[in-house]
Amino acid sequence: MNNEETIIAVENMQQFISRNLDKPITLSMLAKTANYSQWHCSRIFTELTGKTPFEYIRALRLTTAARKLRDGKEKILDIAFDFVFDTHEGFTRSFTKQFGISPLKYRKNPVPLRYFIPYSVLGLYLYNKKGDKKMEKAQTRTVFVQAIERPRRKAIIKRGIKATHYFEYCEEVGCDIWGVLESIKEAMFEPAGFWLPEKLITPGTSKYVQGVEVATDYKGAAPEGYDIIDLEPSTLLVFQGQPFADEDFEEAISEIWDAIDKYNPEAFGYRWADKKAPRFQLAPLGYRGYMEARPVEKL
């Protein structure tokens, strides 16, 4: 069983890799960061992340390079050198092996890929550790509410089977969907989890899905196993909590759900419109507070 010292050592290696992605990274450097022998730091890193240190570094470098190819205009050779690939050919081989498409073809046609999105082993450890303890009721804090308008649009979604929330969805579909969604260049907004109204649920599939919104003129194909659905123009009330420690995301979500349940939109000239448009949640990032939106219509 991994102890906290081991968890912190791997977290330190993850952070070192993120800070030095554009520089040579050796096992000796990671061992110094972890304060363990090279053999031991390699073993615990692989055990906790599912990848060897160099598999992890390569996957993260290639994902970062893919974003540059998708969004920037730098030469492919320059991007290869930026991420410590010695030759154009070596970068092309590694990129093609990772994503099934060459860098040149991806630049010309940035189809959805499965980006590598690493998780923090320390954050996961702290969350699981806290889950073994009785959690105290969170103190009431300020929740910000604002109305937003979304135009007619489409959504590229991955359906589940019976899932009604994130954790059920992960059990049915997996927790790595975000990597594909983040790679969709045409996305209007960041990826989100959606609770679909009945009219958008295909029989035998889940109410909760994950996806991204794209413009109505989106011409790209859906990734394999994904659907493209039409979304009508909608008004939503966005609820945003205060910043929180990343391991406290469960309480942050519960706080917003409680606020939504108690909120009376009629006091401001609206009523809930859950049958007309999806309700959605954004990734619970501690620095900005948890955010969730629920559809409304004017009285």
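Just above sits the structure.
Now for a look at the structure at hand. Treat the numbers as computed from the prediction; the structure is a model and nothing was measured.

1. Side note on the layout of surface pockets
Approximately 1,800 Å³ is the volume found for the largest pocket. In terms of lining residues, the largest pocket is bounded by 50 residues, among which Pro118, Tyr119, Tyr166, Ala283 and Pro284 are the most central. Those elements giving two or more residues to the lining of the largest pocket turn out to be α8 (121–131), α9 (166–173), α10 (177–182), β3 (192–195), β4 (208–214) and α11 (249–262). Top contributing element to the lining of the largest pocket by residue count: α8, with six residues.

2. A closer look at the pattern of salt bridges
As enumerated under the stated definition, the model contains 16 salt bridges in all. Note that Arg70 is salt-bridged to Asp71, the shortest N-O span being 2.8 Å. A salt bridge links Arg153 to Glu213; the nearest nitrogen and oxygen atoms lie 2.3 Å apart. Residue Arg153 is found in strand β2 (residues 153–158), and its partner Glu213 is found in strand β4; the two are separated by 60 residues along the sequence. When sorted by exposure, Arg153 lands in the same class as Glu213, which is buried. What you see here is one network of salt bridges that share partners, running through Lys68, Glu74 and Asp82.

3. Thoughts on the nonpolar core
Ranked by internal contacts, the top residues of the largest apolar core, which has 38 residues, are Met13, Ile17, Phe91, Phe95, Phe99 and Tyr106. If you tally residues by element for this core, the top one is helix α4 (residues 53–71), at eight residues. Dropping the residues within four chain positions of it, Phe95 is found in contact with Leu62, Ala66, Leu69, Gly100, Ile101, Ser102, Pro103, Tyr106 and Leu113.

Rules used throughout
- Counting from 1, residues in each chain are numbered in the order their sequence is written.
- Totals for whole chains, interfaces and linings use every residue, but because this is a predicted model, local features are given only for residues with pLDDT of at least 70 and side-chain atom pairs only at 80 or more, for both listing and counting.
- Here the side-chain values reflect all heavy atoms present in the structure, with hydrogen atoms and water set aside.
- Grid spacing is 1 Å over the protein atoms alone, the probe is 1.4 Å, and a cavity is where that probe fits but cannot get out, while a pocket is an open set with protein on both sides within 12 Å along at least five of seven lines and lining residues have an atom within 4 Å of a point.
- Grid points are joined across faces, edges and corners, and a volume is the space filled by probe spheres set on the points.
- Helix and strand labels come from DSSP, where a helix needs a run of H or I of at least four residues and a strand needs a run of E of at least two; each type is numbered from the N terminus.
- Each salt bridge in this description consists of a side-chain nitrogen of Lys or Arg and a carboxyl oxygen of Asp or Glu lying within 4 Å of one another.
- Exposure categories follow from relative accessible area, calculated using a 1.4 Å probe and restricted to protein chains: below 20% of the type maximum is buried, above 50% is exposed, and the middle band is partly exposed.
- Definition of nonpolar core: a set of buried residues of the types Ala, Val, Leu, Ile, Met, Phe, Trp, Tyr and Cys, connected through side-chain atoms within 4.5 Å.
- By definition, residues are in contact when any of their heavy atoms lie within 4.5 Å.

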